[in-house]
Amino acid sequence: MRILFRNIKSLVGIGHPMAALRGEQLADLNILSPAWLLTEGERIHSFGREGTSSDLPNADQIIDCTGRFMLPSFCDSHTHLVFATSREEEFVDKISGRTYAEIAAKGGGILSSAIKLAAMPEKQLFRESMVKLDKIAASGTGAIEIKSGYGLTVEAELKMLRVIKQLKAASRLPIKASFLGAHAIPPAYKQNREGYIRLLIEDMLPIIQAEGLADFIDVFCEQGFFTPAETIRICEAGKQIGLKPKIHANQLAVSGGVQAGIEVGALSVDHLESMDMEAIHALAESGTIGTLLPTAAYFLRMAPPPARQLIEAGAAIALASDFNPGSSPAYRMEGVVSMACIQLKMLPEEAIQAATINGAFAMGLEVETGSIHPGKWANLLLTNQVPSIAYLPYAFSETSIHQVYLKGRLLKTA
Ligand code: NIG
Ligand code: FE
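Residues numbered from 1 in each chain as written. Chains lettered and ligands numbered in written order. Predicted model: local features only at pLDDT ≥ 70, side-chain atom pairs only at ≥ 80, totals over all residues. Heavy atoms only, no water.

A.B. asks: I'd like a rundown of the coordination of the iron ion (ligand 2), residues and numbers included.
C.D. replies: Distances from the iron ion (ligand 2) to its protein donors, His78 (NE2), His80 (NE2), His248 (NE2) and Asp322 (OD), fall within 2.1 to 2.3 Å. Donor residues for the iron ion (ligand 2), ordered by position in the chain, follow H-x1-H-x167-H-x73-D. Its relative accessible area of 2% is what places His80 among the buried residues. (Donors = N, O, S within 2.8 Å, 3.2 Å for Na, K, Ca; no water. Buried < 20%, exposed > 50% of the residue type's maximum accessible area, 1.4 Å probe, protein only.)

As structure tokens, this is what we get:
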């Protein structure tokens, strides 16, 4: 099946960079106007400038895109979408003045999600996660990372990872799985941190390896959760079985998490709301991507991560949703891009590239997706008839997406 998209106002995000975009490269968004693009099966076949040649390629279907922009689908490199229930009661607690750390210390937060998840049968967890995944795909996300971490027992962590494995098989959406057993110390191990860390390394990792349940290893490196030294130890154990580190760092405090991530060669260090110049420069000089999660910072009323300082220092920045019931009950990447422009002062071009190609790099999927290039998956967004690319983040309360194509197939028409 060949689909020819004709009269595209601008084809946005063209190219095939060999490394995540950093510093000034992020604002350099490649655009061709006007343009045509041909898909063949699941892949982008070719594209060109509209009107320069009379012989356009043959196709089974021709779609007129007059007035519309075409972009690569979003790549959401950080989510916790497998969860049992929402947590709006904590949302109200926070309005009444309790902090995230206070709620966590009282057994709320991650621990309350763990209790709910333990009680939900695997089949139900899969069904409900699949419903979320379908909505996420229809919203314009074309590749996604999903973490465990609401299990915190051998049984429940494996249940989560097996659900993610089933999602990989059942969904058209490309998925990467991260093992986040080190998301919190469960109450049963409160006086025995060492025991829980050994459970992760000695009991969970071998089963994860045997069943092929994860691509990445994640640790919540944070005061009150896991120290930098524990993070390094857990990541090194994960690396032994082929899992690349991708960690939570510097969310609530300047914790040394960024440096710990760099030390273990993490693909990304995520959050970064609490940064000092040392951490900014260490990240900029490393090959590790800094993934910013603007909706989580916004929802928790935290100071936004220092995107401008990171970009000016020359760091590679990605944007992701952090979709989870506690700190970011929001999966729409259009909203993430808007929030990055409004709160983090990223330019629309920077935010779009951070949410597409750099997100693909942050999942190791850059060869397959994240930009417009022949041979990549035809994961494409066609916009409404909007005046400019900047209109997308500017009109922050509405969707500007008209159609979503996932591996060459139309998913939604607005
Ligand atoms: O990325 N920071 C740790 N984990 C999640 C929050 C999880 C939760 O509150 O349920 C996050 O924000
Ligand atoms: Fe997270």
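Back to the text.
A.B. asks: Break down helix 5 (residues 154-170) for me, citing the residues and quoting the values.
C.D. replies: Along its 17 residues, helix 5 runs 24 Å from first to last C-alpha, staying within 8% of the 24 Å computed at 1.5 Å per residue. By the burial criterion, the buried members of helix 5 are Ala156, Glu157, Leu158, Lys159, Met160, Leu161, Val163, Ile164 and Leu167. (Helix = DSSP H or I, 4+ residues; strand = E, 2+ residues; numbered from the N terminus. Expected span 1.5 Å × (residues − 1).)

A.B. asks: Lay out the pattern of salt bridges in plain terms, naming residues and giving numbers.
C.D. replies: All told, the structure shown has 16 salt bridges when counted by the stated rule. Lys147 is paired through a salt bridge with Glu145; the nearest N and O atoms lie 2.7 Å apart. The class of Lys147 is buried, set by a relative accessible area of 0%. Under the relative-accessibility criterion, Glu145 is labelled buried at 0%. Look at the salt bridges and you will find they share partners, linking Glu145, Lys147 and Asp218 into a network. (Salt bridge = Lys/Arg side-chain N within 4 Å of Asp/Glu carboxyl O.)

A.B. asks: Break down helix 6 (residues 193-211) for me, with residues and values.
C.D. replies: Helix length check: helix 6 (19 residues) gives 26 Å between terminal C-alpha atoms against 27 Å at 1.5 Å per residue, within 8%. When the local axis directions of helix 6 are compared, the greatest deviation, roughly 40°, occurs at Met204, which is followed within four positions by the proline Pro206. For helix 6, every residue scored as buried is listed here: Gly195, Tyr196, Ile197, Leu199, Leu200, Met204, Leu205 and Ile208. Taken together, the buried residues of helix 6 touch helix 5, strand 10 (175-182), strand 11 (216-221) and helix 7 (228-240). Downstream of helix 6 by one or two residues, Gly212 has phi in the positive range, about 60°. (Bend = angle between axes of the 7 residues up to and from the residue. Contact = heavy atoms within 4.5 Å.)

A.B. asks: Lay out the side chain of Ser113 in plain terms, naming residues and giving numbers.
C.D. replies: Summarising the element assignment, Ser113 is placed in helix 3 (residues 110-119). A residue is classified by how much of its surface remains accessible, and Ser113, at 4% relative accessible area, is buried. At 2.7 Å, the side chain of Ser113 forms a polar contact with the side chain of Arg87. When residues no more than four places from it in sequence are discounted, the contact partners of Ser113 are Arg87, Tyr150 and Pro325. (Polar contact = N/O pair within 3.5 Å; in protein donor to acceptor, adjacent residues only side chain to side chain.)

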